[in-house]
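A structural walkthrough
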Amino acid sequence: MTDITRQDTRQLEDAHASGVYVKRPLTIVRGEGALLFDDAGNQYIDLVGGQGSANLGHCHPAVVAAIREQAGTLLNCTEIFYNDKRALLLDKLTALAGMPRAFLCNSGAEAVETALKFARLATGRKEIVATMPGFHGRTMGALSATWDPKYREPFEPLVPAYRHIAYNDLAAADAAITDQTAAVIVEVVQGEGGVRPADGDYLRGLQALCNARGAMFVVDEVQTGFGRTGKFFAHQHYSLTPDLMPVAKSIAGGIPMGACLIGERIGTLPPMTHGATFGGNPLACAAAIAAIDALVNEDLPARAAALGGWLLERLADLPTDKVREVRGLGLMVGIELRSKVSPVLRALQDRGVLALPAGLTVLRLLPPLVISQAQLETAAQAIEAVLAEIPETV
Ligand SMILES: Cc1ncc(COP(=O)(O)O)c(C=O)c1O
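Now for a description of the structure that goes with this document. (Residues numbered from 1 in each chain as written. Predicted model: local features only at pLDDT ≥ 70, side-chain atom pairs only at ≥ 80, totals over all residues. Heavy atoms only, no water.)

**A closer look at the environment of Val 20**
Considering the arrangement of structural elements, one finds Val 20 in the loop between helix H1 (6–16) and strand S1 (28–32). Classification of Val 20 as exposed rests on a relative accessible area of 67%. C-alpha of Val 20 to C-alpha of Arg 213: the two residues are 193 residues apart in sequence and 40 Å apart in space. (Helix = DSSP H or I, 4+ residues; strand = E, 2+ residues; numbered from the N terminus. Buried < 20%, exposed > 50% of the residue type's maximum accessible area, 1.4 Å probe, protein only.)

This is how it looks when you write it as structure tokens:
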């Protein structure tokens, strides 16, 4: 139990937090598996999944045990020294990704920044090509690759030499990628942009264009990584070979960490050209080792594939006058509504189900991969009931 009252919690956050988040009137104090609990003891089925950082579920026992043990051993060790946990994590992560090296950092945006900087370093070129409506984070370099004007415009001027092209449109890519292009950055399934899966042929074509024109192929797996889409990494659905792969979110079982995987084409990176004080800290590394082992041992990518396939079929029965399209890959699912999603999110919360938006009209579901089919069925019934209730136009 927390030692401040519910009233105090909300008052204190409202008074002192930055104000950049739109808050839901709910104070979450505990999590277990696919369930979250509020300060009044109410239970919720969690389809927010920490915005993709809770693939293993909340407080996975193996991750908790690894954090406890490491916390009493060594919390902090910068990368000017070697560290046992970091070495082990690098070995596991690179083996799983099939990429030889990785830069360790602390968030998705930082992992994307790293990829874009390394692409410029490796090619000596400046131009970055990104897709519409892609999302890659909110730091200046990552934001420059993010498409949505509402995130970009308040912060202009952004980093120069970025351009955005239509997603799933190889002709647009062919026209945009030149001998000046340092990198093309793409999501296998656009997450924040509306849960939009790419075509395999498009992604393979994009990779071929990058290879032919000397540009680096950057696959942003911050949201799609660590089993979410039914493979350990989403690009493995299409046998792609990224040159750089930013990951984060679920890498360390729910505690902050990011990484940028580095492929063969990147070559040697000059010393001192990049760094991060907390990058590769032993606490995050110990958590990540435990998280990756649990994902593998519990075969959670396969579980995401099976449950995701079932959920997509289950949601195909939703009332079609309210739903434009149901789409997704594995347990990354989007329900595009004909009306705004915010009243649906509120009504779902009242029924004990927490979910996410993606834009104004897409209901986005990112459940922990440990969720049971019964919990997903309860959530699907709540979605069905809420959609039946809402008026035609909201
Ligand atoms: C595809 C993608 N890239 C990058 C990011 C940024 O990650 P972070 O919020 O950890 O900076 C996100 C966050 O949602 C994302 O979905």
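**Side note on the site of the ligand**
Contacts to the ligand come from Ser 107, Gly 108, Ala 109, Phe 135, His 136, Gly 137, Glu 187, Glu 192, Asp 220, Val 222, Gln 223 and Lys 249. A distance of 3.4 Å separates an oxygen atom of the ligand from a polar side-chain atom of Glu 192. At 2.7 Å from a nitrogen atom of the ligand is found a side-chain nitrogen or oxygen belonging to Asp 220. Alone, the ligand offers 390 Å² of accessible surface; in the complex the protein occludes 82% of this. Here the shell around the ligand is composed, by residue class, of three nonpolar, five polar and four charged. (Near = heavy atom within 4 Å. Polar contact = N/O pair within 3.5 Å; in protein donor to acceptor, adjacent residues only side chain to side chain. Areas by Shrake-Rupley, 256 points an atom, 1.4 Å probe, with all protein chains shown as cover. Nonpolar A, V, L, I, M, F, W, Y, C, P; charged D, E, K, R; others polar.)

**Observations concerning the packing of helix H4 (residues 84–97) against helix H10 (residues 282–297)**
It is at 9 Å that the axes of H4 and H10 come closest, and there the two elements cross at 40°. When the interaxial angle is binned, H4 and H10 end up oblique. Both H4 and H10 take part in a crossing whose hand is left-handed. Residue-level inspection shows Lys 85, Arg 86, Leu 88, Leu 89, Lys 92, Leu 93 and Leu 96 of H4 in contact with H10, the latter providing Pro 282, Cys 285, Ala 286, Ala 288, Ile 289, Ile 292, Asp 293 and Val 296. Its residues assigned to classes, the contact of H4 with H10 comprises 11 nonpolar, no polar and four charged. (Axes fitted to C-alpha atoms, helices over the stretch in contact; angles between N-to-C directions. Parallel < 35°, antiparallel > 145°, perpendicular 65-115°, else oblique. Left-handed = near helix turned anticlockwise from the far one by under 90°. Contact = heavy atoms within 4.5 Å.)

**Remarks on the environment of Thr 273**
For Thr 273, the location among the structural elements is in the loop between strand S12 (258–262) and H10. For Thr 273, a relative accessible area of 31% translates into the label partly exposed. Once the C-alpha coordinates of Thr 273 and Asp 148 are considered, the two residues, 125 residues apart in sequence, prove to be 30 Å apart. Once residues within four sequence positions are removed from consideration, Thr 273 is found in contact with Lys 117 and Leu 121.

**Structural notes on the pattern of salt bridges**
Following the criterion strictly, the structure yields 16 salt bridges and no others. A salt bridge links Arg 364 to Glu 192, with the shortest nitrogen-to-oxygen separation between them at 2.9 Å. In this pair, Arg 364 sits in strand S17 (residues 362–365) while Glu 192 sits in the loop between strand S8 (189–190) and strand S9 (196–197), placing the two residues 172 residues apart along the sequence. Relative accessible area serves as the criterion here: at 1%, Arg 364 is assigned to the buried category. The salt bridge partner of Arg 314 is Glu 384, with a shortest N-O separation of 3.1 Å. (Salt bridge = Lys/Arg side-chain N within 4 Å of Asp/Glu carboxyl O.)

**Examining the packing of aromatic side chains**
Two numbers describe a pair of aromatic rings. These are the distance of the centres and the angle of the planes. This model, assessed by the stated rule, comprises six aromatic pairs. With centroids separated by 5.8 Å and ring planes inclined at 75°, the aromatic side chains of Phe 226 and Phe 232 adopt a geometry described as edge-to-face. Summarising the burial analysis for this pair, Phe 226 and Phe 232 share the class buried. Phe 232 sits in the buried class, given a relative accessible area of 9%. Here a set of aromatic residues connected by ring pairs shows up, and it is made of Phe 226, Phe 232 and Phe 233. When the ring centre of Tyr 151 is taken as origin, the NZ or CZ atom of Arg 138, which lies over that ring, is 4.4 Å away. (Phe/Tyr/Trp six-rings, centres within 6.5 Å; stacked < 30°, edge-to-face > 60°. Lys NZ or Arg CZ within 6 Å of the ring centre and 35° of its normal.)

**Side note on the pairing of strand S11 (residues 244–247)**
What you see with S11 is no split at all: Leu 244 and Pro 246 on one side and Met 245 and Val 247 on the other are buried throughout. Where S11 meets S12, four bridges bridge the pair, whose relative direction is antiparallel. Residue pairing for S12: Pro 246 is matched across the bridge by Cys 260. (Pairing = 2+ DSSP bridges.)

**Re the nonpolar core**
One finds Leu 93, Leu 363 and Leu 365 to be the most contacted residues of the largest nonpolar core, which totals 64 residues. When residues in this core are grouped by element, the largest group, 10 residues, is from H10. Setting aside residues no more than four positions away along its own chain, Leu 93 makes contact with Ala 102, Leu 104, Phe 226, Ile 251, Ala 259, Leu 261 and Ile 292. By size, the runner-up hydrophobic cluster in this structure holds 34 residues, among which are Tyr 44, Ile 177, Tyr 202 and Ala 358. (Core = buried A, V, L, I, M, F, W, Y, C linked by side-chain atoms within 4.5 Å.)

**Some points on the sheet that holds strand S14 (residues 332–337)**
By way of backbone hydrogen bonds, the strands of a sheet pair with one another, either parallel or antiparallel. Judged by pairing direction, the sheet is antiparallel, and its four strands sit side by side in the order S13-S14-S17-S16 without closing on themselves. Bordering the open sheet on either side are strand S13 (323–329) and strand S16 (356–358), each of which pairs with just one other strand. Taking each pair of neighbouring strands and ignoring which way they run, the sheet shows an average axis angle of 25°. Bridge count for S13 against S14 is six bridges, and the pairing is antiparallel. Paired with Leu 329 across the bridge in S14 is Met 332.

**A closer look at the pairing of S12**
Within S12, five of the five residues are buried, leaving the element largely enclosed by the surrounding structure. Examined bridge by bridge, strand S4 (residues 101–105) and S12 share five bridges and lie antiparallel to one another. Bridging across to S12, Phe 103 finds its partner in Cys 260.

**Here's the deal with the sheet that holds strand S2 (residues 35–38)**
Here four strands make up an open sheet; going across it, the order is S1-S2-S3-S15 and the pairing mixed. Each edge of the sheet is formed by a strand with only one pairing partner; in this case those strands are S1 and strand S15 (353–354). Relative to strand S3 (residues 43–46), S2 is paired through three bridges, and the arrangement is antiparallel. By the bridge assignment, Leu 35 is partnered in S3 with Ile 45.

All we've got here are geometric facts, nothing functional implied.
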